[in-house]
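Chain and residue survey
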Number of protein chains: 2
Amino acid sequence: MQITKPSIPRGTRDFGPDIMAKRNFILDHIKKVFKKYGFLQIETPCMENLQVLTGKYGDEGDQLIYKILNSGNFSENLSQQDWEDGYKKLTAKIAEKALRYDLTVPFARFVAMNRNDITFPFKRFQIQPVWRADRPQKGRYREFFQCDADVVGTHALLCEAEIILMIKEVFENLGISAYCIKINNRKILQGIAEAIGKPGQESVLCVAIDKLDKIGIEGVCNELKEKGYSSSELLLIEPLLKQQGDYPSKIEFLNSFLQNSAIGKEGIAEIEKVWQLTESLSPNFAKLELDLSLARGLSYYTGAIFEVKALNVQMGSISGGGRYDNLTGVFGLPNVPGVGISFGIDRIYDIMEELGLFPNQYLHSSQILVTFMDEKGFNYGLQLAQMLRNAQINTELYPEPSKIKKQFEYAHKKNIPLVAIIGEEEMAENKISVKNMRSGKQIRCTITELISQIDAYENM
Amino acid sequence: MQITKPSIPRGTRDFGPDIMAKRNFILDHIKKVFKKYGFLQIETPCMENLQVLTGKYGDEGDQLIYKILNSGNFSENLSQQDWEDGYKKLTAKIAEKALRYDLTVPFARFVAMNRNDITFPFKRFQIQPVWRADRPQKGRYREFFQCDADVVGTHALLCEAEIILMIKEVFENLGISAYCIKINNRKILQGIAEAIGKPGQESVLCVAIDKLDKIGIEGVCNELKEKGYSSSELLLIEPLLKQQGDYPSKIEFLNSFLQNSAIGKEGIAEIEKVWQLTESLSPNFAKLELDLSLARGLSYYTGAIFEVKALNVQMGSISGGGRYDNLTGVFGLPNVPGVGISFGIDRIYDIMEELGLFPNQYLHSSQILVTFMDEKGFNYGLQLAQMLRNAQINTELYPEPSKIKKQFEYAHKKNIPLVAIIGEEEMAENKISVKNMRSGKQIRCTITELISQIDAYENM
C-alpha cells in the first residue's frame, strides 16, 4: 500500500468538534432570528454552470472563480490552435462548471428560474460555502461560508427596518453588546455628487470615501484630487467627511446640502422613514448611526446600505448589506428589487472567542459518561445509559473495559460535565454515584433522581 | 447588459423552502439521535488535494472525481508533450485539487492529520455534500449529501449495538415503522469461502451474493460458475443462499457449516455478542435480521455489516455501514479500527414523501401573518408583530399596503396557519381578529390572549 501524506488545500479548513459546536452556536442563533422574521431557508448547488457566474463579478472576480474540469476525456476535441490560444480561452473549452463565488448570483439565478413558483415578497436565507481563488491570508480563506438573508419583490422600507432589528437581535442573543450599525443611502451619495457638480459620478466618490477609515480625510482628498476633483470641489465635500453630531443635526446638514438634488432628497426621505420605523419597532435603540461616509465600495446597491462594526475590538465590519433595484435582470427577469444582509460568520466567531462569549454547556455533546469497573458494572451501565437516553439525555457509555482513570480522562478531554460511577456498593443499593467534573463534587442517587436532577448536578 | 439564460448543471438540485424544511426535518432528527449517543459533528473542506483522493476508490472511482482547474495561468508551463500525453496524465498537471467523492476518505485524512488532538474512541458525525461525475438518472445525482456517523479507535462491539439502536431511534422518530435492519459479518463470509475450499477468495463470493436480491439464486450461481466455481462447490453454498428461519436456526446452521473455520467462528461469536448487547439495550426489538446473503459489495469492511431496507415500498437500502480494520493506514496511521453507519437522506426523503410522514406544522416558517388595511392599521400591526416576536413567535408583517385579498393569498401560498386582521373595530377595542387559514375559524382576542393561546388557535 502506498502511503499518502495527509494535507488540506491552502486556504481551506477542517472544523473539528469544538470549532463546529461554536460555529453551530452562532448559526443556530442567526437562523432562529431569520425564522422569527419569516425568512425561509434555501440551498443551491455548490457547482454552477460557468456561464451563470462569468461576467457577474467584473474581470478580477472572474479570475477568482474556481473552474471544474470537464469529466472524461476533456482534451479529445481540442485543436493545436486551442492550446495556443492561452488559458483564458482554453478554460471555456475544458470547464463547463464552476464553484459558486458568492450566494447572491446563485440566488438571483434561483429566483429567475423559479419565478412562477415563488410567492413574492420572497424572504429567503441561505448559509453555504463559497469559493474564491484568492491569495490566502489571516482571516481570508479560499473556502468560506456566507450567511445571507434577502427580501425580494418589494420596495417597502419596512424590510430595511426589520433587517436592523434582526441585526440587533442576533448580536444581543450572541452576547455581543458593543457594536454599532452604520446606515447610509446610495441616493444620498448620488445627491452629493450632484451637489458638488459631478452628477452621475458618485462611483469615484464612493470608492474613495469607502476608504475613509483606512486612509483618513487627507487620503480621501488626495485620491479624489488624482481622479480630477478640484480644490473647490474638495472643499465642498469636507463637511461631509468631517460630519459629526447626532442624527437630527446630520439630517439638517443634508437638507441644506442636498436642497437642489431630487435624488438626494429622496435618499433623505428613505433614511428618515427607516429611522422612524425602527424607532417604532424598537424605541430608544441607540446603536443605529447615520454615517454619511459609508459607501460599501462599488457594489450594486441603489438605496439603503448597512454595515455593522464591533466596538472595542480590532476588526473590519462584521455584517453588511443594502438595497438593490435589479437583482435578476441579468437572468432575464427585470424589476425585482430587494434588500439583504450578510453576517460575517468567521469574524463573529473570532470576536466571540476573544470576548469569551461561548457558553460552556453548549459545547459538550454528551451530558454524562457512564463508567464501569468490570463486566457486571458494564451490564448495569448498559441499562443505565439506555434509561438516560430514553429520557432524552445525551449519554455515552465507555465502550470497553478500561482503567477507571482512562475513562475519567476521556470525560475530561471531551468536556463531558458529569460522570456516572458504577461500583459494587452502587449496584447493591441500586444507585449510582455521580461526579461533577468541574467542581469535583460527588453524590450518590437513584436513577430517577439522576434523570430529574441532572441539570442541577451539572451545576453543583 | 447581456442576458444569461439561468440553468443549473445536470445532476444537481436547488432546494427551495419546502424541500429544505423537509430535509431539515429529517436531518434534525438524525442529528439529535447522533448527539444522544455521544457523536460530535465535524466538517471538512469540499475541496481536497487531488492526491489525497486518488487511488482510494479504484480506477473507476478515480474517473468519477471532479477535478478543479488550477487558478491563474494553468497552461503556461506545459510542453507540447504534455498536451499529447492524453487527458489522464494532463489532469495531474493542471488540477491539484478536487471535490470530495465521499466523506470517509476525508474523515480518514482528518483523523490522520489530527491524531494528537483527538480523544479516542472518537465518535464523529458529518453531513455534507459529495460529488461524483456519474451519469445522472432517477435518484442518482452528481452533487448529493452523505450523512455518516463513525466510531474509530475501538474494537468494542458495543459500538455495533449502539449503531443498531441509533438506526431504530431515527426511523421510529421519523415515523417510518416498516423497515428491517439486516446484519451480517464479513468474517462469516470469509469462513464460508474457507468451508467450501476457497480460502481467501471471499471477494468473488461477496460480489456475487450481493446481487441475490436482483438476480436470484440462479443468477448468483451462474455468476459464480463463470468465476470458476464447480457444481459441487455451488451445492455447498446453496443452503446459505436459501437460508430461512429465525435467528437461532441460522446460528445453528452456521455453527455446523463453519465448524472448521477459525475466522468463521470468530464471525459467529461477534454476531452473537452484538445480538445479545442489542437485546440487553432494547429487549424484544424485532426488526433486526441476520441475513447471511448480505455482503455490501467490494468495500473495505472486515467485521459486522449492516443494511436497512424499508418494507412496503420499492426502494434499495436506505442506510448501510459496517466495521473496518484500518481506516487511516493509507495516510500513515495504522491500526485504527472503527465502525460506521451512513443514512441515505434522499431515499429517506422519498419514503417520507410517499407515506405522507412530514408533519405540517414543521413546514411553515412563520406561525402568523399580520395584515392591515391602511396606514393606521400598519402602525398598529408594527407594534403587534414586534410583541409577538418578543414572545418568540415567528411572525410576518405584510410589508406594504395591499388589498387584503392579496395579503391572505400570501399567507395561503406560504402555508402560514394564522392571519391577524386589524380593522377599525379591532383597534378601537385594542384587540385583533385571528383567522385560522385551514379551518376558516375566526376569533377576536387581546394580544395577551393571542400570545398565550397561539398554539390552540393554530388547531382551532
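Residues numbered from 1 in each chain as written. Chains lettered and ligands numbered in written order. Predicted model: local features only at pLDDT ≥ 70, side-chain atom pairs only at ≥ 80, totals over all residues. Heavy atoms only, no water.

We now examine the relation of the copies chain A and chain B. The operation relating chain A to chain B is a screw motion whose rotation component is 180°, with 0.0 Å of axial translation and a residual RMSD of 0.1 Å. The superposition operator between the copies reduces to a two-fold rotation axis. No C-alpha of chain A approaches the rotation axis more nearly than that of Ile68(A), which lies at 2.2 Å. An overlap of 100% is found between the interface residues of chain A and their copies at the interface of chain B, pointing to a shared contact surface. (Least-squares fit on C-alpha atoms with pLDDT ≥ 70 in both. Contact = heavy atoms within 4.5 Å.)

The next point concerns the interface of chain A and chain B. Contacts between the two partners involve 108 residues from chain A and, on the opposite side, 108 residues from chain B. Each partner contributes to the roughly 9,200 Å² buried at the junction of chain A and chain B, and carbon and sulfur atoms together form 60% of this total. On inspection of chain A and its partner chain B, the count reaches eight salt bridges. A salt bridge links Lys123(A) to Glu396(B); its shortest N-O distance comes to 3.7 Å. Where chain A packs against chain B, one counts 38 residue pairs in polar contact (both at pLDDT 80 or more). Its residues assigned to classes, the side of chain A that touches chain B shows 51 nonpolar, 33 polar and 24 charged. (Buried area = accessible area lost by both parts, 1.4 Å probe. Salt bridge = Lys/Arg side-chain N within 4 Å of Asp/Glu carboxyl O. Polar contact = N/O pair within 3.5 Å; in protein donor to acceptor, adjacent residues only side chain to side chain. Nonpolar A, V, L, I, M, F, W, Y, C, P; charged D, E, K, R; others polar.)

To continue, consider the pairing of strand E11 (residues 338-343) of chain A. In summary, the side chains of a regular strand alternate between the two faces of the sheet. Residues and elements named next belong to chain A. Within E11, five of the six residues are buried, which leaves the element mostly enclosed by the surrounding structure. Pairing analysis gives six bridges linking strand E6 (residues 143-152) to E11, with the strands arranged antiparallel. In the sheet register, Val152 faces E11, and the bridge partner there is Gly338. Sheet topology places strand E10 (residues 317-324) next to E11; six bridges connect them, and they run antiparallel. Looking at the pairing, Tyr324 lines up with Gly338 of E11. (Buried < 20%, exposed > 50% of the residue type's maximum accessible area, 1.4 Å probe, protein only. Helix = DSSP H or I, 4+ residues; strand = E, 2+ residues; numbered from the N terminus. Pairing = 2+ DSSP bridges.)

This brings us to the sheet that holds strand E1 (residues 40-41) of chain A. All names here are of chain A. Read from one edge to the other, the open sheet built from eight strands follows the order E1-E5-E6-E11-E10-E9-E7-E8, with strand pairing classed as mixed. In the strand order of this sheet, the two ends are held by E1 and strand E8 (288-290), each with one partner. Against the sheet, helix H1 (residues 17-36) contacts strand E5 (122-131), E6 and E11, and its axis sits at roughly 10° relative to E6. (Axes fitted to C-alpha atoms, helices over the stretch in contact; angles between N-to-C directions.)

Here we come to the sheet that holds strand E10 (residues 317-324) of chain B. Residue and element names in this part refer to chain B. Pairing is mixed across the open sheet formed by eight strands, whose spatial order is E1-E5-E6-E11-E10-E9-E7-E8. Two strands close off the open sheet at either side, each with one partner strand: strand E1 (40-41) and strand E8 (288-290). In the packing of helix H1 (residues 17-36) onto the sheet, the strands contacted are strand E5 (122-131), strand E6 (143-152) and strand E11 (338-343), and the crossing angle to E6 comes to about 10°. The sheet strands contacting helix H14 (residues 345-355) are E6, strand E9 (304-310), E10 and E11, and the helix crosses E10 at an angle near 150°.

One pass over the structure, following the stated rule, counts 34 aromatic pairs over all chains. Pairing Phe171(A) with Phe343(A) gives two aromatic rings, centres 5.9 Å apart and planes at 50°, and the pair type is tilted. Taken as a pair, Phe171(A) in helix H7 (residues 158-174) and Phe343(A) in strand E11 lie far apart in primary sequence, 172 residues in all. As far as the burial class goes, Phe171(A) and Phe343(A) line up, both buried. Judged by centre distance (3.8 Å) and plane angle (5°), the rings of Tyr247(B) and Trp275(B) are stacked. Residue Tyr247(B) is found in helix H12 (residues 247-257), and its partner Trp275(B) is found in helix H13 (residues 262-281); the two are separated by 28 residues along the sequence. Residue classification places Tyr247(B) among the buried positions, given a relative accessible area of 17%. (Phe/Tyr/Trp six-rings, centres within 6.5 Å; stacked < 30°, edge-to-face > 60°.)

Attention now moves to the pairing of E6(A). Residue and element names in this part refer to chain A. The buried fraction of E6 amounts to 10 of the 10 residues, a majority that puts the element mostly inside the structure. The alternating pattern of E6 places Glu143, Phe145, Cys147, Ala149 and Val151 on one face and Phe144, Gln146, Asp148, Asp150 and Val152 on the opposite face, and all of these are buried. Two elements, E5 and E6, share 10 bridges in a ladder whose sense is antiparallel. Counterpart to Gln128 in the pairing with E6 is Gln146.

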